[in-house]
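Geometric and topological summary
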Amino acid sequence: MEKQRHILLAHLGRSALLALVMATPVALLYADIQLLGDNVGEWSLVELTQLGFLVATVLAFVRLARARADERGFAVLAAGFFGCMLIRELDAVWDLLFRGLWSILVAALAAASLGYALRQRQATLDATARFLRSRPAAVMTIGLVLLLIYSRLFGMTTLWHGLLAENYVRVFKNAAEECTELLAYTLIMASALTYAAQRIREQRRAGARGHARAGAALLQARRASGRH
């Protein structure tokens, strides 16, 4: 009975967390429109939150790379991939320096992270396979498909022209597309933070068990030497 109750409560907790995740993009869109009077432009609350979630995703994998050598190849590759996305999202900022700078930065970061991962390709493949077997990988896959496929299809101008005809206003399309992208970034960030926390926690537990065993062995050795 106790086990079944624990399973039920855990499921309810995950469902509540998922509901909060799904509601976040809509809540931010509402705040942009109703509270800030913004039309979901370049520096809207929705756009800034997307950037913040991308930064958190990159930092999660950087933290994992620093904490665990066996995850480093995969973590560097993942941090590089999402770092390239972050640079692309900030293309308007880079264009202030000179037009097209973002593409140079993306190429440099992609080459550096891919080169590092390939130098230890077996460890990278092992770590990647370990991630793909995990539950966070399924969440990240959903997020990436939402971001790279669904949001692009849902945001097609021809689709919205056909739906609204002469009533077409670009801000409607932008709001729907950016809100979908924010949902995708939310899932991606949640996946990255969860996986990095799990792997780092596992390492700490393994270290604690190792110290405990070493302490027990040392105590046993002292007792044995005392008897002699």
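Residues numbered from 1 in each chain as written. Predicted model: local features only at pLDDT ≥ 70, side-chain atom pairs only at ≥ 80, totals over all residues. Heavy atoms only, no water.

1. A few points about the overall build of the protein chain
How we decide: Where helices and strands are cited, they refer to DSSP runs of H or I of at least four residues and of E of at least two residues respectively, numbered from the N terminus. Buried residues are those whose accessible area, probed at 1.4 Å on protein chains only, stays under 20% of the maximum for their type, while exposed residues exceed 50% and partly exposed ones sit between those limits. Contacts were defined at the residue level, with two residues in contact if any of their heavy atoms lie within 4.5 Å.
Each helix and strand counted, the protein chain has nine helices and zero strands in total. For the protein chain, the residues scored as buried account for 34% of the 228 residues in total. The long-range fraction of contacts in the protein chain, counting pairs at least 24 apart against all pairs at least 6 apart in sequence, stands at 70%.

2. Brief notes about the nonpolar core
Defined as follows: Nine residue types can take part in a nonpolar core, namely buried Ala, Val, Leu, Ile, Met, Phe, Trp, Tyr and Cys, and a core is a set of them joined through side-chain atoms within 4.5 Å.
The biggest cluster of nonpolar side chains holds 40 residues, and the ones touching the most others in it are F61, L64, F74, F82 and M140. Of all elements in the fold, only helix 1 (2-35), helix 2 (45-67), helix 3 (72-89), helix 6 (121-132), helix 7 (135-154) and helix 9 (170-227) reach the threshold of two or more residues within this core. Examining the composition of this core, we find that 13 residues originate from one element, helix 9, more than from any other. Residue contacts for F61: discarding those within four places in its chain leaves F74, A75, A78, A79, F82, M140 and A192.

3. Some words on the layout of surface pockets
Over the atoms a probe the size of a water molecule is rolled, and this reveals where empty space is left. Selection criterion: Only protein atoms enter the 1 Å grid, on which a cavity is a set of points fitting a 1.4 Å probe that cannot get out and a pocket is an open set with protein on both sides within 12 Å along at least 5 of 7 lines, lining residues being those with an atom within 4 Å of a point. Grid points are joined across faces, edges and corners, and a volume is the space filled by probe spheres set on the points. Gly falls in the polar group here, along with every residue not listed as nonpolar (Ala, Val, Leu, Ile, Met, Phe, Trp, Tyr, Cys, Pro) or charged (Asp, Glu, Lys, Arg).
Put simply, the largest pocket is a space of about 530 Å³. For the largest pocket, the lining is made up of 14 residues, of which R14, L17, L18, V139 and A190 are closest to its centre. Taken together, the residues of the lining of the largest pocket sort by class into nine nonpolar, three polar and two charged. Looking at the second largest pocket, its volume works out to about 390 Å³. Taken together, 15 residues line the second largest pocket, and the ones lying closest to its centre are R88, E89, R152, E178 and E181. Every element with two or more residues in the lining of the second largest pocket is listed here: helix 3, helix 7 and helix 9. When residues of the lining of the second largest pocket are assigned to their parent elements, the largest contribution, four residues, is made by helix 9. Of the residues contributing to the lining of the second largest pocket, the split by class is five nonpolar, one polar and nine charged.

4. Describing the environment of F172
On the secondary structure map, F172 appears in helix 9. Distance in space between the C-alpha atoms of F172 and N39 is 8.9 Å, their sequence separation being 133 residues. Those residues in contact with F172 that sit more than four places away from it in its chain are W160, L164 and N167.

5. Description of empty space enclosed by the protein
For the coordinates displayed, the defined rule picks out one cavity of 30 Å³ or more. Estimated volume of the largest cavity: approximately 60 Å³. Residue lining of the largest cavity: E42, W43, E47, L51, E89, L90 and A92, and that is the complete set. Residue composition of the lining of the largest cavity, by class: four nonpolar, no polar and three charged.

6. Re the packing of helix 1 against helix 2
For any two helices packed against each other, one specifies the crossing angle of their axes together with the interaxial distance. We count it as follows: A fitted line through C-alpha atoms represents every axis, and for helices the fit uses only the stretch in contact; the resulting angles, taken between N-to-C directions, go from 0 to 180 degrees. Here the word oblique covers every angle except those under 35 degrees (roughly parallel), over 145 (roughly antiparallel) and from 65 to 115 (roughly perpendicular).
It is the contact of helix 1 with helix 2, at a shortest axis distance of 8 Å, that shows an interaxial angle of 140 degrees. With respect to their mutual orientation, helix 1 and helix 2 come out oblique. Contacts from L28, L29, A31 and D32 in helix 1 reach L45, V46 and T49 in helix 2. Partitioning the contact of helix 1 with helix 2 into residue classes produces five nonpolar, one polar and one charged.

7. Structural notes on the packing of helix 3 against helix 7
The test is simple: Note on convention: near helix rotated counterclockwise from far helix by under a right angle means a left-handed crossing. Clockwise means right-handed.
It is the contact of helix 3 with helix 7, at a shortest axis distance of 15 Å, that shows an interaxial angle of 30 degrees. Considering the angle they form, helix 3 stands roughly parallel to helix 7. Helix 7 is crossed by helix 3, and the crossing has left-handed handedness. Residues F81, F82 and M85 of helix 3 form the contact with helix 7, whose own contacting residues are M140, L144, L147 and L148. Of the residues contributing to the contact of helix 3 with helix 7, the split by class is seven nonpolar, no polar and no charged.

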